[in-house]
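Coordinates in review
What follows is the residue order along each chain.
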Amino acid sequence: SYDVITMAYRSGPANAPVHESTKNRFDSFAPPRNGCRAKWFVDGQDFMSAVADAIKAASNEIFIAGWQISPHIYMKRADTGVGSLNSRLDQMLLRKADQGIRVYILLYWESEVVAGMELGSAFAQSTLKHKNIKVLRHPDLSTMVQHGLRGTGWWTHHEKVVVVDRSIAFVGGIDLCFGRWDTHKHELTDNYPVHPSAAENRQSDRTKEGAKMYARWIGKDYGNTFVGGSRTRLDLPMVDYIDRSLVPRMPWHDVACSFTGPPVHDIAKHFIQRYNSVGDEHQLHVDDAGNFDTSDKFFDSIAHNVRVQVLRSVDNWSAGQRHEASIHNAYLHAIEKAEHFIYIENQFFISSLPGIFFKVTNKIMSALAGRIIRANKNNEDFHVMIVMPLKPEFPGDWDTDDGKDLRTVSYWNYVTLYSGEDSLYSLLRKGGIPQENISRYISVYGLRTHATLNGRLVTEIVYVHSKLMIVDDRRAIIGSANINDRSMHGGRDSEVAVMLEDTDMVHGKMNGQAYEVGKFSHSLRCHLMREHLGLLDTEVNEASSLSMKVEDPLFHSDVWEIARKNTLAYDRVFHGKIVPTNNVWNLKDLKDWRSNVSLAEIDPNRAQEELSKIHGRLVMYPVLFLKDVLTPSYLDILGMYVDSRGHTWNLNFDEPQTFAA
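An account of the accompanying structure is given in this report. (Residues numbered from 1 in each chain as written. Predicted model: local features only at pLDDT ≥ 70, side-chain atom pairs only at ≥ 80, totals over all residues. Heavy atoms only, no water.)

Side note on the overall build of the protein
Helix and strand content of the protein: 19 helices and 21 strands. Sorting the 661 residues of the protein into buried and exposed places 60% on the buried side. Contacts in the protein between residues far apart in sequence, at least 24 positions, make up 77% of those at least 6 positions apart. (Helix = DSSP H or I, 4+ residues; strand = E, 2+ residues; numbered from the N terminus. Buried < 20%, exposed > 50% of the residue type's maximum accessible area, 1.4 Å probe, protein only. Contact = heavy atoms within 4.5 Å.)

This is the structure we're talking about:
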């Protein structure tokens, strides 16, 4: 028998078609699948290289679904720079199409009028013209007529999926678009010439032949939303839109995974359901998978044995399917079942806020609060670590009219975590945890880095775009869903994620005690901690005590101290250029803070000495920033960022007793 999740709210018109019922865990359309091998990817360099290899190996069919695709993105790049057009996405796909490989692409059709975004979907569609390539954009006019507000472009197709030959699938937070390719070092600068062989006009840069270094981020791939605004004129992809000799790029941190085995067919099924719901005359068929080569050509010895369940947020408007919010359900289940440690990276953290006009109805934050309060009552070793962007990726400034989105999303992040009677910290205090003990159970961080650009010291945040949760180093959820109602609701943005549960265990430690951990989840978390703490290039041995401690996730007090020292060092060196910061509570503080000359300007040599003390990129999240002035926006009434209608969730997320093969 199965314990079935029931949802009190179902979206879509009353006469919506009846779709297949489910008894799968989390109310997903797909059951957990055994016999899978999975590999994780941190940051765009390794991920895009693996996707490029899979595309190159394709012998039948390629599926790509994305929020945004930049045809001119280079999927592979040498350390010395991009040296040819061979690895550019459009060239790769067109070559495969010439070989007779069928390529199907689903793109979000952005609304510049309603949502105010330019993502270049029309340019991508026109660039990838070929008889064997089909690019569909959605939602279109017919969607608006049929589904009203949800079909106008207010909600998006936010998933990031690649399937090759229905034999390997890629799922995560990384779109194949400009700005996403990045290395573990998250470099700020790339002020080098374009290699002649990588330029659109191969004769244009012949004078630069023989240079030791060439650009790795070409044209609009080099960007910084905070300084240059959002990318525009995407029909001119190879033309810079900010001055790279003056402005550092905004680094991009992200996580994704690939897997082989039975769940690949579930991802393909989801893609086909979406593709067919758009109404193209050529319908795809799920049962065609039997005609594909499922040999071991995608076998990877580095991959780990796991059980995988495909999860999604969809509805009738987005996929022609019944309402599904299985990603949200899986998060709640994993939090409830956590024994000692939860690690979260997410682009947003907007959750569990009651109210009359402004509500946030997903229950992730309240689930975390409940689990922490239980740990405190039982005196358990338990900790939640959250890594998120220091500020949302919106143009504009904190004190100007064009910064309303920046301020609004920041407000909801802060009010979820720290401020107000319904915040996480408030719930923990009400649950009996003294203020001074809260840090035992939860810590929140951001990422920042620095460099020298044309002789000047510069700094910028590392933008955290991951949508990841790791629990007890035994299971992980990786996908495209942010922690907010847009992603978790099911009837809004379409999303795809997977829960990966380790089946190969190794001996580990939890707060110094023996504890079995999973190879996939444990190795992923350890890599992330080493990257954030600057330990990837450090040999792990007995003399490297910090590297050894990374293996035990409950070494959080050491992490907190490193982040605190890093934060203070950045404040001393860059002063007013460090925003957000706990030194600024209101707009007067902001003006005063920015008016002070920084050590980087007064004494660069001393500033360099201070920066040499920084370990990695981890810094404290600024809990007090603009606490006196941040407020909601009129957009919240429309449900843009939160749920103004206040739908309720009725959830039972127990595991079924048996699992489908």
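More follows now that the structure is in view.
Re the pairing of strand β19 (residues 505–510)
Looking at chain direction, β19 and strand β20 (residues 513–518) are connected through six bridges and run antiparallel. Residue histidine 507 lies in a different strand from β20, and its bridge partner there is glutamate 516. In this structure, the hairpin formed by β19 and β20 is closed by a connection of two residues, where asparagine 511 is found at a positive phi of approximately 55°. (Pairing = 2+ DSSP bridges.)

Concerning the pairing of strand β14 (residues 456–461)
Most of β14 is tucked away, with five of its six residues classed as buried. The pairing of strand β13 (residues 442–453) with β14 spans six bridges and is classified as antiparallel. If you follow alanine 451 over to β14, its bridge partner there is valine 458. Hairpin connection of β13 to β14: two residues between the antiparallel strands, including asparagine 454 at a positive phi of 50°.

Things to note about helix α9 (residues 364–377)
If you check α9, its first and last C-alpha atoms are 20 Å apart, about what 14 residues at 1.5 Å a residue would give, namely 20 Å. For α9, the set of buried residues is Ile364, Met365, Leu368, Ala369, Arg371, Ile372, Ile373 and Ala375. (Expected span 1.5 Å × (residues − 1).)

Focus on the packing of helix α8 (residues 326–337) against α9
Describing two packed helices takes the angle between their axes plus the distance from one axis to the other. Relative to each other, α8 and α9 sit at 10°, their axes nearing to 9 Å. With respect to each other, α8 and α9 are oriented roughly parallel. Note on element contacts: α9 touches α8 through Ile364, Ala367, Leu368, Arg371 and Arg374, opposite His328, Tyr331, Leu332, Ile335 and Glu336. Of the residues that constitute the contact of α8 with α9, the class distribution is six nonpolar, one polar and three charged. (Axes fitted to C-alpha atoms, helices over the stretch in contact; angles between N-to-C directions. Parallel < 35°, antiparallel > 145°, perpendicular 65-115°, else oblique. Nonpolar A, V, L, I, M, F, W, Y, C, P; charged D, E, K, R; others polar.)

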